[in-house]
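# Structural features, examined
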Amino acid sequence: MAKNKPKKKRNPWIIIPLTIFIVLVLSIGSYVLSFYFKVKNTVDKEMHEPVESIDISQTKKKLSELKPLNILLLGIDAREGDKGRSDALILLSLDPEKNRSQLISIPRDTRTTIVGKGIEDKINHAYAFGGANMSIETVEELLDIDIDYYVSMNMEGLKELVDELGNITVQNEIEWKDGKYHFTKGPLAMDGDMTMAYVRMRKQDPSGDFGRTKRQRQVIGAIIDRGASVGSIPKINRTMEILGTNVATNMDFDDMKVLFNDYRKTNKQMDQYMLQGSGQKINGVYYLIVPDDEIEKVHQMITDK
């Protein structure tokens, strides 16, 4: 009769840490999953606002084929409680074939035909007349291009976002005081309130609106850098609340995933430019008059890449 083999004793010192490891993995996995669904819910249910001027089916086709894309960024100033005006207009052009991108600023005083109104006015008034839709159509008409996506953000939300992420740092090129803050030359660490003062100042800048749009681009870059370096998932809930309240876009969450995965190398080379022109008063109102050859130059920058 065969003897029963003695059972091997299991070593609890192996089982215990292994169990802890499995529990941790499962916990972290569920946490990351909840984070994923939080972002998806915010983007698709709170931020997603399609516009008539953009044929999203054509955009998605370009996205799937990794074609160059144009994204209009709108910074909306609605401090008085009205609909607001586009205080910042920046065209982000992405070229995945050449792994490069362009940030092209359009000064808010640029005089152009406001599509849908049939009048010539400052380009930032397009948003006040007809929201993102009219702004998109007006920029498309001005530069003779197609815009694939737009992202608009209330500038007051910018203050909350900077405070949530922590101070951002920019390289300030001119010194000035505004009665509350002293903006020194060189590296400048700013909280949300100071950031708003930094991007809004124009009268003390020798470059006027050109200087302000440059500072706006600096702040966008600093926020992106800060957001990438924070690396703190617990901040995501409050950050998504801020974005959900203050950001609108025709992108859905799936579009954002493709952009992140397939277009992220476009930041390897980012060129910056601002539409050039000369100041002129018409009927007592200041405008930036952009010549036709400058419009054609920027059109070629965007379409030829």
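Note that the structure is a prediction, hence the values are computed from the model and not measured.

What counts, and where the lines are drawn
- Residue positions are given per chain, counted from 1 along the sequence in the order it is written.
- Totals for whole chains, interfaces and linings use all residues, but because this is a predicted model, local features are given only for residues with pLDDT of at least 70 and pairs of side-chain atoms are given and counted only at 80 or more.
- To get the side-chain values, take all heavy atoms of the structure and skip hydrogens and water.
- Side-chain atoms within 4.5 Å are what join buried Ala, Val, Leu, Ile, Met, Phe, Trp, Tyr and Cys residues into a set we call a nonpolar core.
- Exposure is judged per residue with a 1.4 Å probe applied to protein chains only, and the accessible area is read against the type maximum: over 50% gives exposed, under 20% gives buried, and values in between give partly exposed.
- For the purposes of this entry, the term helix denotes a DSSP run of H or I that reaches at least four residues, the term strand denotes a run of E that reaches at least two, and both are numbered from the N terminus.
- A patch is a set of surface residues, each over 30% in relative accessible area and not in a salt bridge, joined within 9 Å for like charges and within 5 Å for the nonpolar side chains Val, Leu, Ile, Met, Phe, Trp and Tyr.
- Only the protein chains shown count as covering a residue, and every accessible area follows the Shrake-Rupley method with a 1.4 Å probe.
- Should a side-chain nitrogen of Lys or Arg be within 4 Å of a carboxyl oxygen of Asp or Glu, the pair is scored as a salt bridge.
- Neither His nor the chain ends contribute to the count of charged residues, in which Lys and Arg are positive and Asp and Glu negative.
- In plain terms, the charge of a residue is placed at NZ if it is Lys, CZ if Arg, CG if Asp and CD if Glu.
- Under this definition, polar contacts are N or O atom pairs within 3.5 Å; protein pairs additionally need one hydrogen-donor-capable and one acceptor-capable atom, and for neighbouring residues in sequence, both atoms have to be side-chain atoms.
- Every residue carries a pLDDT, the predictor's confidence in it, which falls somewhere between 0 and 100.
- By this definition, two strands are paired if DSSP reports at least two bridges between them.
- Whether two residues are in contact is decided by their heavy atoms, any of which lying within 4.5 Å being enough.
- Whenever a helix is involved, its axis is fitted only over the stretch in contact; in every case the axis is a line through C-alpha atoms, and angles between N-to-C directions fall within 0 to 180 degrees.
- With respect to orientation, any angle under 35 degrees is reported as roughly parallel, any angle over 145 as roughly antiparallel, any angle of 65 to 115 as roughly perpendicular, and every other angle as oblique.
- Two helices that cross are described as forming a left-handed crossing if the nearer one is turned anticlockwise from the farther one by less than a right angle, and a right-handed crossing if clockwise.

Looking now at the nonpolar core. Within soluble globular proteins, side chains that are nonpolar tend to cluster in buried spots. If you look at the biggest cluster of nonpolar residues, it comprises 31 residues, and the most contacted ones within it are F183, M190, Y198 and I223. The set of elements that each furnish at least two residues to this core consists of helix 1 (12–47), helix 4 (155–165), strand 7 (168–172), strand 10 (186–190), helix 5 (192–200), helix 6 (209–230) and helix 7 (236–246).

Together, E141, D144, D146, E296 and D304 make up a region of like negative charge exposed at the surface. Counting through the fold element by element, D146 comes out in the loop between helix 3 (125–143) and strand 6 (149–154). Under the relative-accessibility criterion, D146 is labelled exposed at 54%.

Right, let's talk about the pattern of salt bridges for a bit. The final tally for this structure, using the stated rule, is 15 salt bridges. Between E160 and R238 there is a salt bridge, with its nearest N and O atoms 3.0 Å apart. A residue pair is termed long-range when its members are at least 10 positions apart, and E160 in helix 4 and R238 in helix 7 qualify at 78 residues. The partly exposed category is assigned to E160, whose relative accessible area is 33%.

Take the side chain of S93 next. Along the polypeptide, S93 turns up in strand 2 (residues 85–95). Of the polar contacts made by the side chain of S93, one reaches the side chain of N70; its length is 3.2 Å.

Here the protein chain averages 85 in pLDDT, while 84% of its residues score no lower than 70. Looking across the protein chain, the model is least confident in helix 1, with a mean pLDDT of 70, and most confident in strand 4 (residues 111–114), with 97.

Turning to the pairing of strand 7, a few remarks are in order. Of the two faces of strand 7, the one holding I168, V170 and N172 is buried and the one holding T169 and Q171 is not buried anywhere. Of the pairings in the sheet, the one linking strand 7 to strand 10 comprises five bridges and is antiparallel in character. In the sheet register, N172 faces strand 10, and the bridge partner there is G186.

A separate point is unusual backbone geometry. Notably, D144 is not glycine yet its phi reads approximately 55°, a positive angle. Positionally, D144 belongs in the loop between helix 3 and strand 6. Its identity as a non-glycine residue notwithstanding, N283 has a phi of 55°, on the positive side. Assignment of secondary structure puts N283 in the loop between strand 13 (278–282) and strand 14 (285–289). Here N283 falls in the exposed class, since its relative accessible area comes to 79%.

Attention now goes to the environment of S135. Its place among the elements puts S135 in helix 3. When its relative accessible area of 1% is taken as the criterion, S135 is described as buried. Residues S135 and N124, spaced eleven residues apart in sequence, show a C-alpha to C-alpha distance of 7.7 Å. Apart from residues no more than four positions distant in its own chain, S135 is found in contact with L72, L74, A126 and Y127. Within the structure, S135 has its side chain in polar contact with the backbone nitrogen of Y127 (distance 3.3 Å).

Let's shift gears to a nonpolar patch on the surface. There is a patch of nonpolar side chains on the surface, built from L33, Y36 and F37 and spanning about 290 Å² of accessible area. Mapped onto the secondary structure, Y36 falls in helix 1. Overall, the relative accessible area of 31% leaves Y36 in the partly exposed class.

The next point concerns the packing of helix 2 (residues 56–64) against helix 8 (residues 253–262). Across the interface, helix 2 lies against helix 8 with an axial gap of 11 Å and an inter-helix angle of 30°. In terms of orientation, helix 2 and helix 8 fall into the roughly parallel class. Relative to helix 8, helix 2 is oriented so that their crossing is left-handed. Mapping the contact onto sequence places I56, K60 and L63 in helix 2 and D255, V258 and L259 in helix 8.

In this fold, M270 is placed in strand 12 (residues 270–274). Separated by 176 residues in sequence, M270 and L94 have C-alpha atoms that sit 9.2 Å apart. In this view, M270 contacts L92, S101 and L103; residues no more than four positions away in its chain are not counted.

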